Amino acid sequence: MRLGLEGRVAVVGGASTGLGYAVAEALAAEGARVLLVSRSEARIDQAVARLRERSGDGVAGLAADLTDPATPVRVVAAARERLGQPTIVVANGGGPPAMAAVDAGADDLGAACRLLLLPVQRLLAAALPGMREAGWGRIVAITSIAVLEPQPGLVLSNSLRAAVTGYLKSVADEVASDGITVNSVCPGFTATERLDELARVMAERQGVSPEAVLAGWAGRTPVARLLRPEEVAAAVAFLCSEPASGITGVALPVDGGFHRGLL
């Protein structure tokens, strides 16, 4: 299947490593021109150099913190200047600290909102006018399986990623007639630096090794292993594609069967 992404311009957040880099790689492999965004200038430069070796010159990078209210406008402008009008946005970033619900205060929830929800809203606000003008657009947020099945000790992710999903569903309804789809992908336990970090936190609380925590997560998943970032990236790339034009307002689990619900 051809995804119809040749020459499309994409902005990918959190793209220096992990899921973000895997998504950037998948989109570039389909011929998209990709702006990789991440906070660390050194890491983004390394990621761009690595991706250019595989995909050529249609790749650029920008060191930027998407939690800064002014950054999303700058990101979209940089993509337009360097690569062309962006019509694909993949909203992705780091997760909040692991925390029990009874320990989470208003400040913690506010910080999680600034980390997870507000950057998505601002990025969409910056990108949607260009998509509407083009009559075509794809927006995909990478959230978490916690949206569909809240996870113990992750109240901030459980709460605010669900808020992101509700926001995206509302946007999807309002821009579908403009040729723009809005979806999210909900990864399960995926082998990334973020998962290693969570495993260390959980291991300390439980008095076990991080390896034991990771093995436990893998054992709870029907495929009996952690997912690979490129498996999640393939789903994101498809949702960004021309053939996926009839899919919008969806929160798609990519979790190796971890979520047992019917919907």
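Figured I'd write up the structure that's included with this text. Since this is a predicted model, take the numbers as computed values, not measurements.

1. Looking at the state of the cysteines
So, step 1. The full count for this structure, using the stated rule, is zero disulfides.
So, step 2. Free of any disulfide, Cys 186 has its nearest neighbouring cysteine sulfur in Cys 240, separated by 15 Å.
So, step 3. The class for Cys 186 is buried, based on a relative accessible area of 0%.
So, step 4. Take Cys 240: its relative accessible area is 0%, and that puts it in the buried class.

2. Topic: the packing of aromatic side chains
So, step 1. Summed over all chains, the structure comprises two aromatic pairs.
So, step 2. Look at Phe 189 and Trp 217: their rings are 4.9 Å apart centre to centre, the planes differ by 10°, and that puts the pair in the stacked class. Of this pair, Phe 189 sits in the loop between strand S6 (180-187) and helix H6 (193-206) while Trp 217 sits in helix H7 (residues 210-219), and the two are 28 residues apart along the sequence. Each member of the pair, Phe 189 as well as Trp 217, is classed as buried.
So, step 3. Ring centres of Phe 189 and Phe 258 lie 5.1 Å apart, and the angle between their planes is 90°; this geometry places the pair in the edge-to-face category. Of this pair, Phe 189 sits in the loop between S6 and H6 while Phe 258 sits in the segment after strand S7 (251-254), placing them 69 residues apart in sequence.
So, step 4. Under the relative-accessibility criterion, Phe 189 is labelled buried at 10%.
So, step 5. Counting every residue linked through ring pairs, the aromatic cluster contains Phe 189, Trp 217 and Phe 258.
So, step 6. The cationic tip of Arg 8 hangs over the ring face of Trp 136; the distance from NZ or CZ to the ring centre is 3.6 Å.
So, step 7. The ring of Tyr 21 has Arg 50 lying over it, and the distance from NZ or CZ to the ring centre is 4.2 Å.

3. Quick notes on the side chain of Ser 241
So, step 1. Here Ser 241 shows up in the loop between helix H8 (229-239) and S7.
So, step 2. On the basis of relative accessible area, Ser 241 is assigned to the buried category, the value being 0%.
So, step 3. Excluding its chain neighbours within four sequence positions, the residues that come into contact with Ser 241 are Leu 3, Leu 5, Trp 136 and Arg 138.

4. Here we look at the pairing of strand S2 (residues 33-38)
So, step 1. Of all six residues in S2, five are buried, a share of seventy percent or more.
So, step 2. The sheet contact formed by strand S1 (residues 9-12) and S2 spans four bridges and is parallel. Bridge pairing in S2 places Val 9 opposite Arg 33.
So, step 3. Since S1 and S2 lie parallel, the crossover through helix H1 (residues 18-29) that links them has a hand, and here it is right-handed.
So, step 4. Bridge analysis of S2 against strand S3 (residues 59-63) gives five bridges, and the strand direction is parallel. Across the sheet, the residue bridging to Val 37 is Leu 62, located in S3.
So, step 5. Chirality of the crossover, the property in question, places the unit of S2, helix H2 (residues 41-55) and S3 among those that are right-handed.

5. As for the packing of H6 against H7
So, step 1. The contact between H6 and H7 brings their axes to 8 Å, and the two run at 110°. As summarised for this structure, H6 and H7 are arranged roughly perpendicular, according to the angle between their axes. H7 is crossed by H6, and the crossing has right-handed handedness. Residues Leu 195, Asp 196, Leu 198, Ala 199, Arg 200, Met 202, Ala 203 and Gln 206 of H6 form the contact with H7, whose participating residues are Pro 210, Val 213, Leu 214 and Trp 217.
So, step 2. Residue composition of the contact of H6 with H7, grouped by class: nine nonpolar, one polar and two charged.

Calculation notes
Residues numbered from 1 in each chain as written. Predicted model: local features only at pLDDT ≥ 70, side-chain atom pairs only at ≥ 80, totals over all residues. Heavy atoms only, no water. Disulfide = S-S within 2.5 Å. Buried < 20%, exposed > 50% of the residue type's maximum accessible area, 1.4 Å probe, protein only. Phe/Tyr/Trp six-rings, centres within 6.5 Å; stacked < 30°, edge-to-face > 60°. Helix = DSSP H or I, 4+ residues; strand = E, 2+ residues; numbered from the N terminus. Lys NZ or Arg CZ within 6 Å of the ring centre and 35° of its normal. Contact = heavy atoms within 4.5 Å. Pairing = 2+ DSSP bridges. Right-handed = clockwise from strand over helix to strand, strands pointing away. Axes fitted to C-alpha atoms, helices over the stretch in contact; angles between N-to-C directions. Parallel < 35°, antiparallel > 145°, perpendicular 65-115°, else oblique. Left-handed = near helix turned anticlockwise from the far one by under 90°. Nonpolar A, V, L, I, M, F, W, Y, C, P; charged D, E, K, R; others polar.

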